[in-house]
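Descriptive structure summary
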Amino acid sequence: MLRSSHALAAVLAIALPSAATAASPQSFKGEYTVSFLGLSIAKSTFSSHYENGAYAIEGSVSAAGLARLFDDTRGTVSSKGTISGKKMVPQAFRADYTSGKKASVVDIRFANGAVTSTQVIPAPDKRDPKSWVPLGASDLASVLDPMAATVIHADSLDQVCGRTVKFYDGEMRANLTLTYASKGTISVPGYKGGTITCRMGFEPVAGYRKGRKALNYLKDRSRMMVTFAPLGQTGVYAPIHATVGTQIGTLTISARRFEAIQ
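As recorded in an unreviewed UniProt entry, the protein goes by the name DUF3108 domain-containing protein, listed as coming from Mesorhizobium calcicola.

This is the structure in structure tokens:
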């Protein structure tokens, strides 16, 4: 399940190409690996389709390498919605995961950019009101699901950073702030060209337990860097590489393939 302690890693691990509104249908494919201390622990593959101002994304995520010895998690994720101007406007997000024999589901529905319903199976444990920061109605307005939060609409590479992304994962509302770090180039199957790297800040807003060490580390001490690359001439920029510092080491997310599908 997408618990709050894993929210940031989940956002990055499911990063994938998207696309802006176009006159003709467009499809993209992204393949990623997640490694920890140099060892592969997960992989993901996503396909996305965009037509007439609407988008639909489907993908799979699974444990890989040594991680499978400890937690053989695998699942599917999907997101759909519309594109208004330079904004993703989600309509529905769903994640189905199986870890061993335990299955879990996160289903989020939206209307006009606001969350209208959330279903989490199994249901979260009862919260202690003394330590829990509850969600309010205002927290669930103008937010993105974990998939839509991974892509940026901008006029150029130089304008990708310098913004705040609001997302909701079915339990926690948080903000991701992007500030400019550097520009560079990269070459992976499907793409060779310029990139921009942003330093990412993490700020939990609601739907989390106060004093949680993992969240405090991400907020106050973690060094998080995300490198974006353009998807053709769409005006959309998607993560192609990222690193996230944790209490026990660094997570690295790298694109193995990043391409438009004709």
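Our next topic: the overall build of the protein. When its secondary structure is counted, the protein shows three helices and 16 strands. Across the 262 residues in the protein, those meeting the buried criterion constitute 50%. Across the protein, every contact between residues at least 6 apart in sequence was considered, and the portion connecting residues at least 24 apart equals 56%. For the protein, the exposed area adds up to about 12600 Å²; of that, 51% sits on carbon and sulfur atoms.

Turning our eyes to something else, we now look at the side chain of S79. Counting through the fold element by element, S79 comes out in strand β4 (residues 73–84). Judged by relative accessible area, which is 4%, S79 ranks as buried. Only 3.0 Å separates the side chain of S79 from the side chain of D145, close enough to count as a polar contact. Beyond its immediate chain neighbours, meaning those up to four positions away, S79 contacts Y55, A56, I57, A92, F93, D145 and M147.

Across all of its chains, the model carries one aromatic pair by this definition. One Lys or Arg, R127, reaches over the ring of W132 and ends 4.1 Å from the middle of that ring.

This paragraph deals with the environment of G207. You can see G207 is positioned in the loop between β12 (191–206) and β13 (208–209). Residues G207 and D169, spaced 38 residues apart in sequence, show a C-alpha to C-alpha distance of 9.7 Å.

Ranked by internal contacts, the top residues of the largest apolar core, which has 65 residues, are V160, F202, F228 and F258. Each residue touching V160, except ones within four places of it in the same chain, is listed here: I152, A154, L178, I196, C198, F228 and Y237.

This part is about unusual backbone geometry. Here the bond from I121 into P122 is cis, since omega is -5°, no more than 30 degrees from zero. Of note, P122 is situated in the loop between β7 (114–121) and β8 (132–133).

For the rest of this paragraph, the subject is the confidence of the model for the protein. Residues of the protein with pLDDT of at least 70 account for 88%, and the chain-wide mean is 85. This model gives residues 1–23 a pLDDT under 50, and the stretch forms 88 contacts once residues within four places in sequence are excluded.

Thresholds applied
- Residues numbered from 1 in each chain as written.
- Predicted model: local features only at pLDDT ≥ 70, side-chain atom pairs only at ≥ 80, totals over all residues.
- Heavy atoms only, no water.
- Helix = DSSP H or I, 4+ residues; strand = E, 2+ residues; numbered from the N terminus.
- Buried < 20%, exposed > 50% of the residue type's maximum accessible area, 1.4 Å probe, protein only.
- Contact = heavy atoms within 4.5 Å.
- Areas by Shrake-Rupley, 256 points an atom, 1.4 Å probe, with all protein chains shown as cover.
- Polar contact = N/O pair within 3.5 Å; in protein donor to acceptor, adjacent residues only side chain to side chain.
- Phe/Tyr/Trp six-rings, centres within 6.5 Å; stacked < 30°, edge-to-face > 60°.
- Lys NZ or Arg CZ within 6 Å of the ring centre and 35° of its normal.
- Core = buried A, V, L, I, M, F, W, Y, C linked by side-chain atoms within 4.5 Å.
- pLDDT = per-residue confidence, 0-100.

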